[in-house]
Amino acid sequence: MYDAIVIGAGPAGLQSALTLGRMHRSTLLLDSGDYRNGTVLHMHNVVANDGTPPADFRATARAQLAEYADVEIRDVGATTVTPTDATFSVQLADGDAVEARHVILATGVADDLPPVPGLQELWGTRAFICPFCDGHEHAGMPLGILGAAPRAEHLIGLLGRIVGDITVFPVEQPYTADETRALEGLGARVSLAPVTAVAPDGSGVRVSTEAAEQTVAGVFVASGSLRHRAPFADQLGLTLLPSGSIEIDDFGRTSLAGVFAAGDLAHRASLPGPMASVLLAAAAGQLAAVGVIQSLMAH
């Protein structure tokens with residue numbers, strides 16, 4: 001019987017395990033090997049780790065966790081989480097089953113990209129979503145934005161002072177006349193024809209439409225959606241927010257006692273959505289671990 005099982009070994013899960021280990025709480029960390037930033041070459045906007053490959057970050061964290069006797073790491077995912085009498089049974093993908101007094105869900109989310117041929121192959125290397133993570137690397141360069149006008153306007157506001165000229169490309173359907181005027185009013189060029197494909201072109205990206213081709217340094221995506229990587233929120237009947245994320249309190253507690261959540265799959269109701277950030281995910285993981293430790297003080 002573990003004090004806590006942490007499902008997911010990205011920044012939130014790694015930090016949760018570290019905090020629990022430092023307080024000598026028996027912890028099992030489950031690492032499926034599937035990460036939202038799995039294709040990313042370098043992570044940014046992470047103090048003391050700006051430019052560090054995410055794989056190196058995870059490897060360093062795991063090496064440090066190895067120093068804590070109370071933390072066990074298994075390279076296997078979980079398939080189900082089932083409440084029992086005051087505990088939780090976690091079924092593993094390898095057929096094993098383990099039990100704990102508490103569970104921290106840190107499995108994160110996956111990005112469902114708009115249906116643009118070639119976009120998935122560029123994801124994380126030449127196609128991005130977060131200006132804070134990848135905007136600076138395109139300073140002064142021409143940039144493309146693909147997708148819905150409202151999000152494109154937001155991206156222009158963030159990237160406009162960083163990059164060179166911006167061209168906005170609709171996906172599937174052309175922009176309306178009002179949307180085109182609004183985007184042009186922000187200083188962007190607007191493609192009248194939807195994007196039909198993207199592909200590598202030297203160190204940049206070739207964006208094709210039915211009318212023309214244009215090469216930009218990189219593209220940011222203004223369409224698509226997020227989904228939970230794992231089914232545990234539905235399995236456990238956890239309360240979700242309008243964003244689709246798990247509702248948590250300040251210490252990562254969910255609507256089911258004993259279940260905590262941290263990282264991109266959860267946020268407080270005071271926020272409009274999950275804050276995609278390595279540092280914020282790690283901070284959420286630490287808070288969730290503290291919440292677990294507080295609830296275990298009688299044990």
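None of these values were measured; they are calculated from a predicted model.

1. What about the overall build of the chain?
Right, on to step 1. A count of helices and strands for the chain gives eight helices and 19 strands.
Right, on to step 2. Here the chain has a C-alpha radius of gyration of 21 Å; the compact-globule value for 299 residues is 19 Å, and the two agree.
Right, on to step 3. Expressed as lengths along the three principal axes of its C-alpha atoms, the size of the chain is roughly 65 × 35 × 35 Å.
Right, on to step 4. For the chain, with 299 residues in total, the buried portion stands at 47%.
Right, on to step 5. For the chain, contacts bridging at least 24 residues in sequence account for 58% of all contacts bridging at least 6.
Right, on to step 6. Carbon and sulfur atoms make up 53% of the accessible area of the chain, which totals about 13,800 Å².
Right, on to step 7. Each charge sign in the chain was given a centre, from 17 positive and 32 negative side chains, and these centres are 4 Å apart.

2. Regarding helix α5 (residues 149–159)
Right, on to step 1. Those residues of α5 not exposed but buried are A149, A152, L155, I156 and L159. Along the axis of α5, the buried residues cluster in a sector spanning 115°; they form a single face. Facing away from the buried surface of α5 by more than 90 degrees, the exposed residues are P150 and G157.
Right, on to step 2. Lining the buried residues of α5 we find α4 (131–134), β9 (143–146), β10 (166–169), α6 (177–185) and β15 (218–221).

3. Looking at the packing of helix α1 (residues 11–22) against helix α8 (residues 278–295)
Right, on to step 1. Contact geometry of α1 with α8 gives a least axis separation of 7 Å together with a crossing angle of 40°. Seen along the crossing, α1 lies across α8 with a hand that is right-handed. Counted together, P11, A12, Q15, S16, T19 and L20 of α1 and V278, A281, A282, G285, Q286, A289, V290, V292 and I293 of α8 form the full contact between these two elements.
Right, on to step 2. Per-class residue counts for the contact of α1 with α8 are 10 nonpolar, five polar and no charged.

4. Looking at the pairing of strand β4 (residues 78–83)
Right, on to step 1. Inspection of the sheet shows β4 paired to strand β5 (residues 88–92) by five bridges, in the antiparallel sense. Pairing of P83 across the sheet is with F88, part of β5.

5. Concerning the pairing of strand β14 (residues 213–216)
Right, on to step 1. Pairing geometry for strand β13 (residues 204–209) and β14, over four bridges, is antiparallel. Bridge pairing links V205 to V216 in β14.
Right, on to step 2. Connecting β13 to the next strand, β14, in antiparallel fashion are three residues.

6. Description of the sheet that holds β14
Right, on to step 1. On the basis of which strands lie adjacent, the open sheet formed by three strands has the order β12-β13-β14 and antiparallel pairing. Whereas interior strands pair on both sides, the edge strands pair on one side only; in this sheet they are β12 (195–201) and β14. Direction aside, the axes of adjacent strands within the sheet are offset by 25° on average.
Right, on to step 2. The sheet contact formed by β12 and β13 spans six bridges and is antiparallel. Considered in β13, the bridge of V198 is made with V207.

7. Considerations on the pattern of salt bridges
Right, on to step 1. Enumeration over the complete set of coordinates arrives at 14 salt bridges.
Right, on to step 2. When the shortest N-O distance is used, the salt bridge between R25 and D3 registers 3.7 Å. Within this pair, whereas R25 is found in the loop between α1 and β2 (27–30), its partner D3 is found in strand β1 (residues 2–7), the two being separated by 22 residues in sequence. Across the pair, D3 and R25 agree in class, each one buried.
Right, on to step 3. Where D96 meets R74, a salt bridge forms, and the shortest distance between an N and an O atom there is 2.9 Å. A residue pair is termed long-range when its members are at least 10 positions apart, and D96 in the loop between β5 and β6 (97–105) and R74 in strand β3 (residues 71–74) qualify at 22 residues.
Right, on to step 4. Beyond isolated ion pairs, a larger network of salt bridges with shared partners links D3, R25 and R101.

Cut-off values and rules
- Residues numbered from 1 in each chain as written.
- Predicted model: local features only at pLDDT ≥ 70, side-chain atom pairs only at ≥ 80, totals over all residues.
- Heavy atoms only, no water.
- Helix = DSSP H or I, 4+ residues; strand = E, 2+ residues; numbered from the N terminus.
- Rg over C-alpha atoms; globule rule 2.2 N^0.38 Å.
- Buried < 20%, exposed > 50% of the residue type's maximum accessible area, 1.4 Å probe, protein only.
- Contact = heavy atoms within 4.5 Å.
- Areas by Shrake-Rupley, 256 points an atom, 1.4 Å probe, with all protein chains shown as cover.
- Lys, Arg positive; Asp, Glu negative; His and termini not counted.
- Charge placed at Lys NZ, Arg CZ, Asp CG, Glu CD.
- Arc of directions from axis to C-beta.
- Axes fitted to C-alpha atoms, helices over the stretch in contact; angles between N-to-C directions.
- Left-handed = near helix turned anticlockwise from the far one by under 90°.
- Nonpolar A, V, L, I, M, F, W, Y, C, P; charged D, E, K, R; others polar.
- Pairing = 2+ DSSP bridges.
- Salt bridge = Lys/Arg side-chain N within 4 Å of Asp/Glu carboxyl O.

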